[in-house]
Amino acid sequence: MHIHRLEKIWIIIGIAMLGVFLVVVGIGAFALGMQPPGSHARHISAIDPDKVNETPPFDNPRIEKVGEKEYNAYLVGFAFGYSPDKMEVPVGSTVHFQITSSDVVHGFQIPGTNVNMMVVPGEINYLSHTFKEPGEYLILCNEYCGIGHEYMATTIIVS
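So, here is what we can say about the structure in this document. None of these values were measured; they are calculated from a predicted model. (Residues numbered from 1 in each chain as written. Predicted model: local features only at pLDDT ≥ 70, side-chain atom pairs only at ≥ 80, totals over all residues. Heavy atoms only, no water.)

1. Considering the packing of aromatic side chains
Then step 1. Overall, the coordinates contain five aromatic pairs when judged by the stated rule.
Then step 2. Judged by centre distance (6.5 Å) and plane angle (80 degrees), the rings of F97 and F131 are edge-to-face. Highlighted residues: F97 in strand β6 (residues 93-101) and F131 in strand β9 (residues 123-131), separated in sequence by 34 residues. As far as burial versus exposure is concerned, F97 and F131 are alike and both buried.
Then step 3. An aromatic cluster of three or more residues is present, and its members are Y82, F97, F108, F131 and Y137. (Phe/Tyr/Trp six-rings, centres within 6.5 Å; stacked < 30°, edge-to-face > 60°. Helix = DSSP H or I, 4+ residues; strand = E, 2+ residues; numbered from the N terminus. Buried < 20%, exposed > 50% of the residue type's maximum accessible area, 1.4 Å probe, protein only.)

Written out as structure tokens, the structure is:
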């Protein structure tokens, strides 16, 4: 079989581009530690989604201090909101989020950070983040959850 010279050149260019792509992805994944959103979240356990409001610690959603600049935040996602609706921590604090949903799949994202995960009814997900900069961080639902989805938000104030 005879392959024309221009075809050989384009085959070589295509293979070279594929090689460059794989090298860039490999460097990003392994050397720079890049991961898809939510891959740093870990699934802890499951509870009955119909009894989220009766199951500790989600019967009393809150943020509590557990150490020097270390906090546990227990959150519940529900139709068009999160509970609690506002949290405050000092700069440099590490917050260990534990979150579940009582109704449908929601999202949990803090724009400007690497915090991003799905909130599935009855599943308790865990994610930690250290807030190094002061400011008011908006927590959004990034999974469409119904007609009032755009109003689903809460804030964490870092001062």
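2. Re the pattern of salt bridges
Then step 1. Taken as a whole and judged by the stated rule, the model has one salt bridge.
Then step 2. We note a salt bridge from E64 to R62, for which the minimum N-O separation is 3.3 Å.
Then step 3. Among the residues examined, E64 registers a relative accessible area of 27% and is labelled partly exposed. (Salt bridge = Lys/Arg side-chain N within 4 Å of Asp/Glu carboxyl O.)

3. What to know about the nonpolar core
Then step 1. One finds V95, F97, F108, F131 and I156 to be the most contacted residues of the largest nonpolar core, which totals 23 residues.
Then step 2. Listed by contribution, the elements that provide at least two residues to this core are β3 (70-78), β5 (86-89), β6, β8 (116-119), β9, β10 (135-140) and β11 (153-158).
Then step 3. One finds V52, F58, V76 and I124 within the second-largest nonpolar core, a separate group that totals six residues. (Core = buried A, V, L, I, M, F, W, Y, C linked by side-chain atoms within 4.5 Å.)

4. A look at the pairing of strand β2 (residues 62-67)
Two faces make up the sheet, and in a regular strand the side chains alternate between them.
Then step 1. Two elements, β2 and β3, share five bridges in a ladder whose sense is antiparallel. Paired with K65 across the two strands is Y71, which belongs to β3.
Then step 2. Hairpin remark: β2 followed by β3, antiparallel, with two residues in the connecting loop; positive phi at K69, about 55 degrees. (Pairing = 2+ DSSP bridges.)

5. As for a negative patch on the surface
Then step 1. A grouping of D48, D50, E54 and D59 is seen on the molecular surface, where their side chains present a negatively charged patch.
Then step 2. The topology assignment puts D48 in the loop between β1 (42-46) and β2. (Patch = residues over 30% accessible without salt bridge, like charges linked within 9 Å, V, L, I, M, F, W, Y side chains within 5 Å. Areas by Shrake-Rupley, 256 points an atom, 1.4 Å probe, with all protein chains shown as cover. Lys, Arg positive; Asp, Glu negative; His and termini not counted. Charge placed at Lys NZ, Arg CZ, Asp CG, Glu CD.)

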